[in-house]
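Listed below are the residues making up each chain.
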Amino acid sequence: MARSARSARREARRELSAARRDLDRLLGTGDPHARTPRWFLAAGVVVVALVVATVVVLMVRGTQTVYRDTDFTAAAQTTVSALLLPDARDPDRARQILDSSTGSFRDEFAQSTGAYRTLVTRLGTVATGSVDGVAVAGRDGDTAEVLVTAVVLTRSGTGESTPGEADTAAAAPNRFRLMVRIEPDSGELKLSRVEFLP
């Protein structure tokens, strides 16, 4: 019986000691080396959050394409040249314009592509000229407004005369000023709006 009383007391002391440690841990008292300081835990959480945020930002930046002004001007020059220089000898010109456009301009041009091809082919229209000025007028993120100037000379007919037959030629060259919007679509810069300026 004495042995069981001793073991019961030892067990009671162990339980009491465990209860004191639990109470000290909950109250934040006791041996400072036996527990982790709260500020250390808070600092660890902040460091982990900063590391995760940095990784996310770097991943997002890595997947974005940064466009330069020269990218916008090159895209504007190419698409406006295709738009202003119809050629009856090039049956894919309408498809080229459609492929290099997006948004509402693409929707509007897609509805009139058949009529465009028919008119250019029937008249035998051939335009020559060049885009002689391109400048970025403003940027908003990855979208740019680009001012474009061009000179165009349009001829009707095939451009090849047979003896006794004259080509119908246009009068003086026409000068155009346009404000176009260029924006990315599927990883390419495309024409999304065209405004002819006086």
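Quick caveat: nothing in here was measured; it's all calculated off a predicted structure. (Residues numbered from 1 in each chain as written. Predicted model: local features only at pLDDT ≥ 70, side-chain atom pairs only at ≥ 80, totals over all residues. Heavy atoms only, no water.)

Here's the deal with the overall build of the protein chain
Each helix and strand counted, the protein chain has five helices and five strands in total. Its helices and strands in sequence order give the protein chain the pattern α-α-α-α-α-β-β-β-β-β, from N to C terminus. Burial analysis of the protein chain (198 residues in total) assigns 23% to the buried set. Accessible area for the protein chain stands at about 13600 Å²; split by element, carbon and sulfur atoms hold 58% of it. (Helix = DSSP H or I, 4+ residues; strand = E, 2+ residues; numbered from the N terminus. Buried < 20%, exposed > 50% of the residue type's maximum accessible area, 1.4 Å probe, protein only. Areas by Shrake-Rupley, 256 points an atom, 1.4 Å probe, with all protein chains shown as cover.)

Thoughts on the nonpolar core
V146, V180 and I182 are the most contacted members of the largest nonpolar core, which totals 28 residues. For this core, the elements supplying multiple residues, two or more each, are α3 (69-84), α4 (93-99), α5 (103-123), β1 (126-140), β2 (143-156), β4 (174-185) and β5 (188-197). With seven residues, α3 is the single largest residue contributor to this core. Dropping the residues within four chain positions of it, V180 is found in contact with A76, V80, A144, E145, V146, V148, L191, R193 and V194. (Core = buried A, V, L, I, M, F, W, Y, C linked by side-chain atoms within 4.5 Å. Contact = heavy atoms within 4.5 Å.)

Details of the environment of A137
With respect to the helices and strands, A137 occurs in strand β1. Once the C-alpha coordinates of A137 and V180 are considered, the two residues, 43 residues apart in sequence, prove to be 9.6 Å apart. Excluding residues that lie within four positions of it along the chain, A137 makes contacts with E145, V146 and M179.

Some words on a positive patch on the surface
A cluster of basic residues, R6, R9, R10 and R13, forms a positive patch on the protein surface. Locating R10 in the fold gives a position in helix α1 (residues 2-27). Taking the relative accessible area as the measure of exposure, R10 reaches 44% and is therefore partly exposed. (Patch = residues over 30% accessible without salt bridge, like charges linked within 9 Å, V, L, I, M, F, W, Y side chains within 5 Å. Salt bridge = Lys/Arg side-chain N within 4 Å of Asp/Glu carboxyl O. Lys, Arg positive; Asp, Glu negative; His and termini not counted. Charge placed at Lys NZ, Arg CZ, Asp CG, Glu CD.)

Quick look at α5
For α5, spanning 21 residues, the distance from its first C-alpha to its last is 29 Å, which sits close to the expected 30 Å at 1.5 Å a residue. At S112, α5 shows its strongest bend, of approximately 55°. Packed against the buried residues of α5 are α3, α4 and β5. A positive phi of about 65° marks G124, the residue just after α5. (Expected span 1.5 Å × (residues − 1). Bend = angle between axes of the 7 residues up to and from the residue.)

So, the pattern of salt bridges
One pass over the structure, following the stated rule, counts seven salt bridges. The salt bridge involving D69 is made with R139; its shortest N-O contact spans 3.0 Å. Note that D69 is positioned in helix α3 and R139 in strand β1, a separation of 70 residues in sequence. Note that E145 is salt-bridged to R181, the shortest N-O span being 2.8 Å. Taken together, the positions of E145 in strand β2 and R181 in strand β4 put the pair 36 residues apart, joining distant regions of the chain. Residue classification places E145 among the buried residues on the basis of a relative accessible area of 18%. Look at R181 and you get partly exposed, because its relative accessible area is 26%. Three or more residues joined by partner-sharing salt bridges are found here, namely E145, R181 and R193.

Some words on the packing of aromatic side chains
Under the defined criterion, the tally for this structure stands at three aromatic pairs. Considering the side-chain rings of Y67 and F72, the 6.0 Å spacing of their centres and the 55° angle between planes classify their relative orientation as tilted. Across this residue pair, the class does not change: Y67 and F72 are buried. Between F176 and F196, the ring centres sit 6.0 Å apart and the planes meet at 65°, which makes this aromatic pair edge-to-face. Of this pair, F176 sits in strand β4 while F196 sits in strand β5; the two residues are 20 residues apart in sequence, bridging distant segments of the chain. For F176, a relative accessible area of 26% corresponds to the partly exposed category. (Phe/Tyr/Trp six-rings, centres within 6.5 Å; stacked < 30°, edge-to-face > 60°.)

Re the pairing of β4
Where β4 lies against β5, nine bridges are found, and the strand directions are antiparallel. Its bridge partner lying in β5, P184 is registered against L189. The hairpin turn running from β4 into β5, its antiparallel successor, is two residues long, and S186 in that turn takes a positive phi close to 55°. (Pairing = 2+ DSSP bridges.)

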